[in-house]
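# Coordinate inspection notes
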Amino acid sequence: MKPLLPPDRPVAVVAPCGAYTPSRLEAGLAIARSRGVDVQPLPGIETRHRYLAGPDEHLAAQLIEALTSDRYGGVWIARGGY
């Protein structure tokens, strides 16, 4: 089976919705890394604003960076929600 992700670019990890549980995200990142996926949480992913993963401007900026940058070969959303 051919991989769907480019092997030379990491997968950006962002949290553009609800706040995530750090231990659960770390467990998921560990599984991905054990399978050879280079997952890279964007700086500031740990930001919180009430029940969200940061203020609206922060959430939008991270998602836009992950989706438009040539640096990343894919995007992984840390958690769904609002």
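What counts and what doesn't
- Residues numbered from 1 in each chain as written.
- Predicted model: local features only at pLDDT ≥ 70, side-chain atom pairs only at ≥ 80, totals over all residues.
- Heavy atoms only, no water.
- Helix = DSSP H or I, 4+ residues; strand = E, 2+ residues; numbered from the N terminus.
- Contact = heavy atoms within 4.5 Å.
- Patch = residues over 30% accessible without salt bridge, like charges linked within 9 Å, V, L, I, M, F, W, Y side chains within 5 Å.
- Areas by Shrake-Rupley, 256 points an atom, 1.4 Å probe, with all protein chains shown as cover.
- Salt bridge = Lys/Arg side-chain N within 4 Å of Asp/Glu carboxyl O.
- Expected span 1.5 Å × (residues − 1).
- Buried < 20%, exposed > 50% of the residue type's maximum accessible area, 1.4 Å probe, protein only.
- Arc of directions from axis to C-beta.

### Remarks on the environment of Val-37
As for its placement among the helices and strands, Val-37 is situated in the loop between α1 (22-34) and β2 (39-41). In this structure the C-alpha to C-alpha distance between Val-37 and Gly-18, which are 19 residues apart in sequence, comes to 24 Å. Those residues in contact with Val-37, other than ones at most four positions away along the chain, are Leu-5, Val-11 and Ala-32.

### Observations concerning a nonpolar patch on the surface
A cluster of nonpolar residues, Leu-67, Val-75 and Ile-77, forms a patch on the protein surface that exposes about 240 Å² of accessible area. If you trace the backbone, Ile-77 turns up in strand β3 (residues 74-77).

### Here we look at helix α2 (residues 56-68)
With 13 residues, α2 should cover 18 Å at 1.5 Å per step; its first-to-last C-alpha distance of 18 Å lies within 8% of that length. Here α2 has its buried residues at Leu-59, Gln-62 and Ala-66. Across the axial projection of α2, the buried residues extend over an arc of 70 degrees, all falling on one side. In this structure, α2 carries Asp-56, Glu-57, Ile-64 and Thr-68 as exposed residues pointing more than 90 degrees from its buried face.

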